[in-house]
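Here is how the chains run, residue by residue.
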Amino acid sequence: MRHDLTARALIAVVFWPFLFFFWFLGLFVLFLSSTTSSEVCPRLETRAEFLAAANGTLPMLILQTLIYAVPVVCLVLWNRLSPEPARASHVATCIKLFAIAALIGAIWDYGSSLTCDGYGQPFFSTAWRMTSYLPIVSLLINLPLYVLVFSLGRAYSTRDDITEDGVVHSSQDNP
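Residues numbered from 1 in each chain as written. Predicted model: local features only at pLDDT ≥ 70, side-chain atom pairs only at ≥ 80, totals over all residues. Heavy atoms only, no water.

Trainee: Could you give an account of the overall build of the protein chain, naming the residues involved and the relevant values?
Mentor: Helix and strand content of the protein chain: seven helices and zero strands. Scanning the protein chain from its N terminus toward the C terminus, one meets helices and strands in the order α-α-α-α-α-α-α. Burial status across the protein chain gives 31% buried among its 175 residues. As presented, the protein chain carries roughly 11000 Å² of accessible surface, and 69% of it is formed by carbon and sulfur atoms. (Helix = DSSP H or I, 4+ residues; strand = E, 2+ residues; numbered from the N terminus. Buried < 20%, exposed > 50% of the residue type's maximum accessible area, 1.4 Å probe, protein only. Areas by Shrake-Rupley, 256 points an atom, 1.4 Å probe, with all protein chains shown as cover.)

Structure below.
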């Protein structure tokens, strides 16, 4: 019991900073820096330059997705330490929503870097230009994901032996 509580506390030490700094604050930073059309487009002139610039973003997209996955991994670890069927289904929903949000985010980031040629002429099809609508779709997916992850994180990182009035009740099986 004591080891489970320690493990849950260690997971909480990782979960909350990642959730706050990378999910909530990082969203604004990445939103502002993810579009390349304002700065990069005037400097790139050939299709090869645009493909090289877009492909250069792939390692950063992978790193960004791995960092964003940390709170979801924490939820999975918490679920392993104290399994509850109701929470397990919510964790599975979080994993699915996260996978969809990561895919849409990657398509948006990659696609937004392929939409212009420096002279206002599109290099690629209108399908790539449609990626400008993906932030709205991403927001519609991320809002329930944020709420669900936050509520699960709060439920998992709260001690079971403390009631709402703040009184600690010692369990019978602790020596």
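Now, onward.
Trainee: Could you give an account of the packing of helix α4 (residues 70-81) against helix α7 (residues 134-157), with specific residues and numbers?
Mentor: Interhelical geometry of α4 versus α7 gives an angle of 40 degrees and a closest axis separation of 10 Å. Considering the angle they form, α4 stands oblique to α7. Seen from above, α4 lies across α7 with left-handed handedness. The residues of α7 that touch α4, namely those facing P71, L75, W78 and N79, are V149, L152, G153, Y156 and S157. Counted by class, the contact of α4 with α7 contains six nonpolar, three polar and no charged residues. (Axes fitted to C-alpha atoms, helices over the stretch in contact; angles between N-to-C directions. Parallel < 35°, antiparallel > 145°, perpendicular 65-115°, else oblique. Left-handed = near helix turned anticlockwise from the far one by under 90°. Contact = heavy atoms within 4.5 Å. Nonpolar A, V, L, I, M, F, W, Y, C, P; charged D, E, K, R; others polar.)

Trainee: An account of the packing of aromatic side chains is needed here, citing residue identities and associated values.
Mentor: Taken as a whole, this structure holds five aromatic pairs when the rule is applied. Between the aromatic rings of W78 and Y156, the centroid separation amounts to 5.7 Å while the plane-to-plane angle is 20 degrees, which identifies the pairing as stacked. Here the residue W78 occupies a position in helix α4, and Y156 occupies one in helix α7, the gap between them amounting to 78 residues. Taking relative accessible area as the criterion, W78 reaches 0% and is therefore assigned buried. Classification of Y156 by relative accessible area gives buried; the value is 0%. Through successive ring pairs, a cluster of aromatic residues spans F15, W16, W78, F150 and Y156. For R87, the ring lying beneath its charged end belongs to Y156, and the centroid distance is 4.8 Å. (Phe/Tyr/Trp six-rings, centres within 6.5 Å; stacked < 30°, edge-to-face > 60°. Lys NZ or Arg CZ within 6 Å of the ring centre and 35° of its normal.)

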